[in-house]
Amino acid sequence: MNSAPITTWEGAKAYFTFADQPGVLMLISALALAACVGVLVSMVRHETECVKKLPN
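The residue numbering used here restarts from 1 in each chain and proceeds along that chain's sequence as written. For this predicted model, a pLDDT threshold of at least 70 governs which residues receive local features, and a threshold of 80 or more governs which side-chain atom pairs are given and counted, while totals over whole chains, interfaces and linings are taken from all residues. The basis for the side-chain values is all heavy atoms of the structure; hydrogens and waters are excluded.

K.L.:
How should the overall build of the protein chain be read in this particular structure?
P.N.:
Within the protein chain one finds 1 helix and 0 strands. The C-alpha radius of gyration computed for the protein chain amounts to 22 Å, which surpasses the reference 10 Å derived for 56 residues by more than 25%, pointing to a less compact arrangement than a globule. In terms of principal-axis extent, the alpha carbons of the protein chain reach across some 65 × 25 × 25 Å. Categorising residues by exposure relies on relative accessible area from a 1.4 Å probe, with only protein chains included: less than 20% of the type maximum marks a residue as buried, more than 50% marks it as exposed, and the intermediate range marks it as partly exposed. The proportion of buried residues among the 56 residues of the protein chain is 0%. Of the roughly 5700 Å² of accessible surface on the protein chain, 67% is carried by carbon and sulfur atoms. None of His or the chain ends enter the tally, which takes Lys and Arg as positive and Asp and Glu as negative. To locate a charge, take NZ of a lysine, CZ of an arginine, CG of an aspartate or CD of a glutamate. Charged side chains of the protein chain number 4 positive and 4 negative; the gap between the two group centres comes to 15 Å. Working definition: helices are DSSP H or I runs of at least four residues, strands are E runs of at least two. Numbering for both runs from the N terminus. To get the radius of gyration, use the C-alpha atoms; to get the globule rule, take the number of residues to the power 0.38 and multiply by 2.2 Å. Note on areas: Shrake-Rupley with a 1.4 Å probe; residue coverage comes only from the protein chains shown.

Here it is, written out as structure tokens:
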């Protein structure tokens, strides 16, 4: 069953060259995860600091 709409690579706008390299995919995924965790940690620190400044 060949149901893919792509019949040729001619005129393609993007090529995903890392699809066959799991190490690179893992590295990119790890960097994305680190960025997300970094944003969350920074957000928690900022919110904690703001709550401490609130009047009791």
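K.L.:
Explanation requested: a nonpolar patch on the surface in the structure shown.
P.N.:
Patch construction takes residues with relative accessible area above 30% that form no salt bridge. Like charges are linked within 9 Å, and nonpolar side chains (Val, Leu, Ile, Met, Phe, Trp, Tyr) are linked within 5 Å. In the sections that follow, a salt bridge refers to a side-chain nitrogen of Lys or Arg positioned within 4 Å of a carboxyl oxygen of Asp or Glu. Together, Phe-18, Leu-25 and Ile-28 line one region of the surface with nonpolar side chains, adding up to about 250 Å² of accessible area. Relative to the helices and strands, Ile-28 is located in helix H1 (residues 22-53). Classification of Ile-28 by relative accessible area gives partly exposed; the value is 44%.

K.L.:
How should the environment of Thr-48 be read in this particular structure?
P.N.:
Summarising the element assignment, Thr-48 is placed in helix H1. Taking the relative accessible area as the measure of exposure, Thr-48 reaches 39% and is therefore partly exposed. When the C-alpha positions of Thr-48 and Thr-7 are compared, they lie 55 Å apart, and in sequence the two are 41 residues distant.

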